[in-house]
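Working through the structure, step by step
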Amino acid sequence: MLTPTVLVTGASGFIGSYLLPDLLERQYRVIALSRHQRVSHQANLHWIQDLQQANGEVIDYVINLAGESIGKGRWTARRKQQLIDSRVQTSRQLFHWLQQQRQQPQLIISGSAIGYYGIDESERWTKICDETAAPQAIFMSELCQQWEQAALAYKEQYPIKIIRLGVVFAKKGGILPQMLQPIKWRLAGKIGHGRQPVTWVHIADVLGTIEFLMRHRPAAQIFNVVSPEQITQQQFVECAAHCLQVRPLLTAPSMAFKCLMGEQSQLILNGQFVQPKALLNAGYHFHYPTLDQALQQILA
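Summarised in this report is the structure supplied together with it. As the structure is a computational prediction, the values presented were derived from the model and not from experiment.

1. Remarks on the overall build of the protein chain
Of regular secondary structure, the protein chain possesses ten helices and eleven strands. The globule rule puts the C-alpha radius of gyration for 300 residues at 19 Å, and the 19 Å found for the protein chain is close to it. Residues counted as buried form 50% of the 300 residues belonging to the protein chain. Long-range contacts, defined as pairs at least 24 residues apart, comprise 78% of the intrachain contacts of the protein chain with a sequence gap of at least 6. Each charge class in the protein chain was averaged separately, 28 positive and 21 negative side chains, and the resulting centres sit 5 Å apart.

2. Description of the sheet that holds strand S2 (residues 29-33)
Here we have seven strands laid out as an open sheet, ordered S3-S2-S1-S4-S5-S7-S10, and parallel in their pairing. Two strands lie at the open edges of the sheet, namely strand S3 (45-48) and strand S10 (222-225), each paired on one side alone. Taking each pair of neighbouring strands and ignoring which way they run, the sheet shows an average axis angle of 20°. Here strand S4 (residues 61-64) runs beside strand S5 (residues 107-113); their pairing, made up of four bridges, is parallel. Bridged to Ile-63 within S5 is Ile-109. The sheet strands contacting helix H3 (residues 139-152) are S5, strand S7 (160-165) and S10, and the helix crosses S5 at an angle near 170°.

3. Brief notes about the environment of Ala-240
Relative to the assigned elements, Ala-240 resides in helix H6 (residues 233-244). Given a relative accessible area of 0%, Ala-240 falls into the buried group. Considered as a pair, Ala-240 and Ile-183 are 57 residues apart in the sequence and their alpha carbons are 7.5 Å apart. When sequence neighbours within four positions are dropped, the list of residues in contact with Ala-240 reads Leu-180, Ile-183 and Leu-295.

4. Here's the deal with the pairing of S10
Side-chain direction in a regular strand flips from residue to residue, so the side chains alternate between the two faces of the sheet. Here S10 shows a buried face lined by Ile-222 and Asn-224 and a second buried face lined by Phe-223 and Val-225. Of the pairings in the sheet, the one linking S7 to S10 comprises four bridges and is parallel in character. What sits directly across from Leu-165, in S10, is Val-225.

5. Considerations on H3
Between the first and last C-alpha of H3 there are 20 Å, a value that for 14 residues agrees with the 20 Å anticipated at 1.5 Å per step. The buried fraction of H3 amounts to ten of the 14 residues, a majority that puts the element mostly inside the structure. By the burial criterion, the buried members of H3 are Phe-139, Met-140, Ser-141, Leu-143, Cys-144, Trp-147, Glu-148, Ala-150, Ala-151 and Leu-152. The inward-facing, buried residues of H3 abut helix H2 (77-99), S5, S7, S10 and helix H8 (266-269).

What counts as what
- Residues numbered from 1 in each chain as written.
- Predicted model: local features only at pLDDT ≥ 70, side-chain atom pairs only at ≥ 80, totals over all residues.
- Heavy atoms only, no water.
- Helix = DSSP H or I, 4+ residues; strand = E, 2+ residues; numbered from the N terminus.
- Rg over C-alpha atoms; globule rule 2.2 N^0.38 Å.
- Buried < 20%, exposed > 50% of the residue type's maximum accessible area, 1.4 Å probe, protein only.
- Contact = heavy atoms within 4.5 Å.
- Lys, Arg positive; Asp, Glu negative; His and termini not counted.
- Charge placed at Lys NZ, Arg CZ, Asp CG, Glu CD.
- Pairing = 2+ DSSP bridges.
- Axes fitted to C-alpha atoms, helices over the stretch in contact; angles between N-to-C directions.
- Expected span 1.5 Å × (residues − 1).

Below is the structure:
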């Protein structure tokens, strides 16, 4: 039996750093696309900087994760365009390249985020969004809409699954260390009133979802990749403080984040509760369904 080949875009990013060894452990051959020069000493891992370097390869699966970090740099008009182009243009280039190849992939998994659902303007957060919830006319949502449409424009030609990721928690990398640091050092805990959602997922369940979609091909096209547990920012702080065996002293005023970050402060001060309805209906079982389980594993 031939070893199936997976093409991963955004392979040198945070999620890619966990996905590549996971795919290799599961005996896939991996072609990893990154703008940065990489050298592999593993037989089944091949780094490329340009898709043309993979011309003629038989690609069985594509996992499209390319996109600059949304949390880095203030959202100036120029930065917003960079965030859009790094997702939309890269996706279009990917599909244009795929159309030129003689053999087409069995499945394409393309990234998105729960920012698709925007924010709760009333700041009451009584609604829980599933995959059918509507987007909004704000930057976070419009970015995700354009990102998804760049892939779904080819849905008649390819089997495509969209994964809308929550905030991904892992031992190394991502935003979790920054979230834990002020709690660990007892500098601050709750931000504002603390009722805003923290919609998260453990990295093991990101990898588990990708494996699940590759193996089972459920009928749904859009999947929220988030924990089934709804957590507020105050509950996150309390759980993290318990795991770290500390007691946070201060409340950080929300106005400080608005002044420092402007529109980008929505990432911290607002959002929506989101449920993984499509994944649960398809029969996926979460490795870390609760925040306490996730943090206990990560901080062990």
